[in-house]
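Fold and contact review
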Amino acid sequence: MFRPKIPTMPMPTGLTTLPAVIEPTTVTRHAETPTAATTTPSRPTVQLTPGTALALVGGGTAVVLVLGAVLVSLLLAVAITGASVAVCAVVLRSLLASDAKRR
């Protein structure tokens, strides 16, 4: 009941795909070869206009400013927490020292 049941992999019964038949092809040359001016590019080129370049720079600047503000706020939170823990430690030390003097 508590032993895991491992499923068994069924054995293949035969070929599932036919083997590919490779036939030799002949290369024929055409008299006219396309020039570079008449061929179409495989990928469309991206053209940056001044507006899109400005938008990219503005977006990058905004991302850097937001990340900087988040990191500075996290560092400030750690510094404030450390300072408050240090103040609590000094107060507790003072209370324990004054309590030991009274006894």
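Scroll up to find the structure.
Numbering of residues starts from 1 in every chain and runs along the sequence as written. Side-chain atom pairs in this predicted model are given and counted only at pLDDT of 80 or more, local residue features only at pLDDT of at least 70, and totals for whole chains, interfaces and linings cover all residues. Excluded from the side-chain calculation are hydrogens and water; included are all heavy atoms of the structure.

Some words on the overall build of the protein chain
The way it works is that DSSP assigns letters per residue, a run of H or I at least four long becomes a helix, a run of E at least two long becomes a strand, and they are numbered from the N terminus. A tally of regular secondary structure across the protein chain gives one helix and zero strands. Residue burial is assigned from relative accessible area. The probe radius is 1.4 Å, only protein chains are included, and a residue is buried under 20% of its type maximum, exposed over 50%, and partly exposed in between. For the protein chain, buried positions account for 0% of its 103 residues. Calculation of accessible area relied on Shrake-Rupley with a 1.4 Å probe; when residues are assessed, cover is drawn exclusively from the protein chains displayed. Looking at the protein chain as shown, the accessible area adds up to about 10900 Å², and 70% of this sits on carbon and sulfur atoms.

Observations regarding a nonpolar patch on the surface
Residues form patches when they are more than 30% accessible in relative terms and have no salt bridge. Like charges link within 9 Å. Nonpolar side chains (Val, Leu, Ile, Met, Phe, Trp, Tyr) link within 5 Å. For this document, the term salt bridge refers to a Lys or Arg side-chain nitrogen within 4 Å of an Asp or Glu carboxyl oxygen. Together, Val66, Val70, Leu71 and Leu74 give the surface a local cluster of nonpolar side chains, amounting to about 380 Å² of exposed area. When you line up the elements, Val70 lands in helix H1 (residues 50–102). Residue classification places Val70 among the partly exposed positions, given a relative accessible area of 41%.

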